[in-house]
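Examination of the molecular architecture
This is what each chain is made of:
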Amino acid sequence: DDLQPNSEDHFHRVSLNEILAFTTTGSGNGCAVQTATGNVVPTVSVTAPAAAVTIPRQTPFALTAAGVPGDGDTLTYLWEQFDLGAANAEGVLTDAGTGPLFRSFVPTTNPTRIFPSLRYILGNANLVPQTAPVEGTAGPNWFAGELLPTTTRTLNFRVTVRDNRAGGGGTNEAPVAVSVTSAAGPFAITAPETAISVAAGAATTVTWNVASTTAAPVSTANVRVTLSLDGGHTWPVELAASTPNDGSESFVVPSLISAQARIKVQAVGNIFFDTSDANFRIAQVPVHHYHRTYGKSQF
């Protein structure tokens, strides 16, 4: 499937490994004069998940790596799914229990990859459309190449870190496997889900569909609840660091004015989450000022 009008100028991890093998230990090793670059290869590890996890079906999740530069270089990260399977029908991506569900993107300095892309989640499309414009453009539509899993299966990913050093850069990699169960999910916020207005300082409640995520094999007993003020791009306000995964949490709305507020409920000790589907408004409660004139109280 065509995913975009132009190719991206980076190698797949397998190609990198073949190049490294050929130039250092393989048949190509004796064909050229080798010159040391002086570069120290960076290292990388997966930090989220920090241990084996099982996530519910059709629920967004995030993977995070931590790279250590050998020479203080700025690192970039690229996530790729490493699963082989039968080819999909042209222009149609389905979860057959094997094969990749997520495309790769150009390397970035952000060590975290959100699945599916954040633009779909914030556009109320955890179920990604088959076609969409290339990210950052207005169109035309291309095959999206992303789909949340629906079956019980294992998703295998690999992160590549690059130090991008001029004159001889170094790369490294780290694998991670994520189990999915069809017996749980979708884990999803149910309120607030519309463009409502809430008053700063007022008590309100966020609710979500637990969707069997407290039971094995997901076994998520607690969740974290956070608030975004910029439409879901950052989450600076913690409403609950760890609260029971029981489908409801009451809190007092912070005195922070925003027309782009969103709620996130994310698993504690796991990598799955959901965000509210629409921006809502946090409004300041009007303050009435009084003054006395001619012995009478007036607004």
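This text follows the structure it describes.
A few points on the structure. (Residues numbered from 1 in each chain as written. Predicted model: local features only at pLDDT ≥ 70, side-chain atom pairs only at ≥ 80, totals over all residues. Heavy atoms only, no water.)

Here we come to the pairing of strand S8 (residues 153–162). With respect to burial, S8 is a largely interior element, seven of its ten residues being buried. In the sheet, strand S4 (residues 76–81) pairs with S8 via six bridges, with the strands oriented antiparallel. Following the sheet pairing, Gln81 is matched in S8 by Phe157. Of the strand pairs in this sheet, S8 and strand S9 (residues 171–181) are connected by ten bridges, and their pairing is antiparallel. Of the residues in S9, the one forming a bridge with Arg162 is Thr171. (Buried < 20%, exposed > 50% of the residue type's maximum accessible area, 1.4 Å probe, protein only. Helix = DSSP H or I, 4+ residues; strand = E, 2+ residues; numbered from the N terminus. Pairing = 2+ DSSP bridges.)

Quick look at the environment of Thr43 now. Position of Thr43 among the secondary structure elements: in strand S1 (residues 43–48). Assessed through its relative accessible area of 41%, Thr43 is described here as partly exposed. For the pair formed by Thr43 and Asp163, sequence separation is 120 residues and the distance between their alpha carbons is 9.6 Å. When sequence neighbours within four positions are dropped, the list of residues in contact with Thr43 reads Ala66, Gly67, Val68, Val161 and Asn172. (Contact = heavy atoms within 4.5 Å.)

Taking strand neighbours across the sheet as the criterion, the three strands line up as S1-S3-S5 in an open arrangement whose pairing is antiparallel. Each edge of the open sheet is held by one strand with a lone partner, namely S1 and strand S5 (112–115). The average angle at which neighbouring strand axes cross in this sheet is 20°, direction not considered. Pairing of S1 with strand S3 (residues 61–68) involves five bridges; the strand directions are antiparallel. Paired with Thr43 across the two strands is Val68, which belongs to S3. (Axes fitted to C-alpha atoms, helices over the stretch in contact; angles between N-to-C directions.)

Here we come to the pairing of strand S15 (residues 248–252). Judged by which residues are buried, S15 turns out to be one-sided: Glu249 and Phe251 face inward and are buried, whereas Ser248, Ser250 and Val252, on the alternate face, are not. Pairing geometry for strand S12 (residues 203–209) and S15, over five bridges, is antiparallel. Among the inter-strand pairings, Ala203 is bridged to a residue of S15, identified as Val252.

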